[in-house]
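Results of the structural survey
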Amino acid sequence: MTHWLFKSEPGVFGIDDLAARGVEPWDGVRNYQARNLLRDRTAVGDPVFFYHSNCARPAIVGLAEIASSPRPDPTAFDPASPHHDPKGDPATPRWYLVDVRYRRHLARPIELAELKTHAEGALAELPLVRRGNRLSVMPLSPAQFDFILALEHRPAP
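The paragraphs below set out a description of the structure included in this document.

How each quantity is defined
Residues numbered from 1 in each chain as written. Predicted model: local features only at pLDDT ≥ 70, side-chain atom pairs only at ≥ 80, totals over all residues. Heavy atoms only, no water. Buried < 20%, exposed > 50% of the residue type's maximum accessible area, 1.4 Å probe, protein only. Helix = DSSP H or I, 4+ residues; strand = E, 2+ residues; numbered from the N terminus. Pairing = 2+ DSSP bridges. Arc of directions from axis to C-beta. Contact = heavy atoms within 4.5 Å. Core = buried A, V, L, I, M, F, W, Y, C linked by side-chain atoms within 4.5 Å.

A separate point is the pairing of strand 4 (residues 59-66). Burial analysis of strand 4 places 8 of its 8 residues in the buried class, the great majority of the element. Pairing analysis gives 6 bridges linking strand 3 (residues 47-52) to strand 4, with the strands arranged antiparallel. What sits directly across from Phe50, in strand 4, is Gly62. Between strand 3 and strand 4, which follow one another and run antiparallel, lie 6 residues, and Asn54 among them has a positive phi close to 50°. Sheet topology note: the strand 4/strand 7 (residues 99-111) ladder contains 7 bridges and is antiparallel. Residue pairing across strands places Glu65 opposite Arg101, the latter belonging to strand 7.

Now the structure itself:
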């Protein structure tokens, strides 16, 4: 089992959207490294932190889980989709997605600023707290996942 952090912009698709839908395809991933992680390492049941990015207060806001095996992302072949890839070919798909199932909102958001306070300790190897990290899909170790989850019930700094 791998633990994950998936980023999404709350103005585009946030944790409340996932809660309302229950299960949703995680489409539109157009970075090769993130694609490879989705395609090659995700498995049904893997836990996922849902992270709001590109907003005033980036934060882990909820829990989800991988709900399907990876499959080609059909938005790559749809000219009407904002995720359309003009070079996409259904016979040799380039982009993949997985379904994500909502589990719950966190008791409180765990903001990036708070996570960075642990960048020299328990979260030293977490890509999210490193400068310049832009991946929208990233694996976490079980220890990192458990450490972050435990922050949920501590007072916010």
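The complete set of buried residues in helix 4 (residues 142-151) reads Gln144, Phe145, Ile148 and Leu151. End-on, the buried residues of helix 4 take up no more than an arc of 120°, which puts them together on one face. The elements touched by buried residues of helix 4 are strand 1 (3-8), strand 3, strand 4, strand 7, helix 3 (112-116) and strand 8 (137-140).

Phe6, Trp26, Ile60, Leu115, Val137 and Ile148 are the most contacted members of the largest nonpolar core, which has 39 residues in total. For this core, the leading source of residues is strand 4, giving 6 residues. Here Val137 is in contact with Trp4, Leu5, Phe6, Trp26, Val29, Ala34, Leu37 and Leu38, once residues within four sequence places are set aside.

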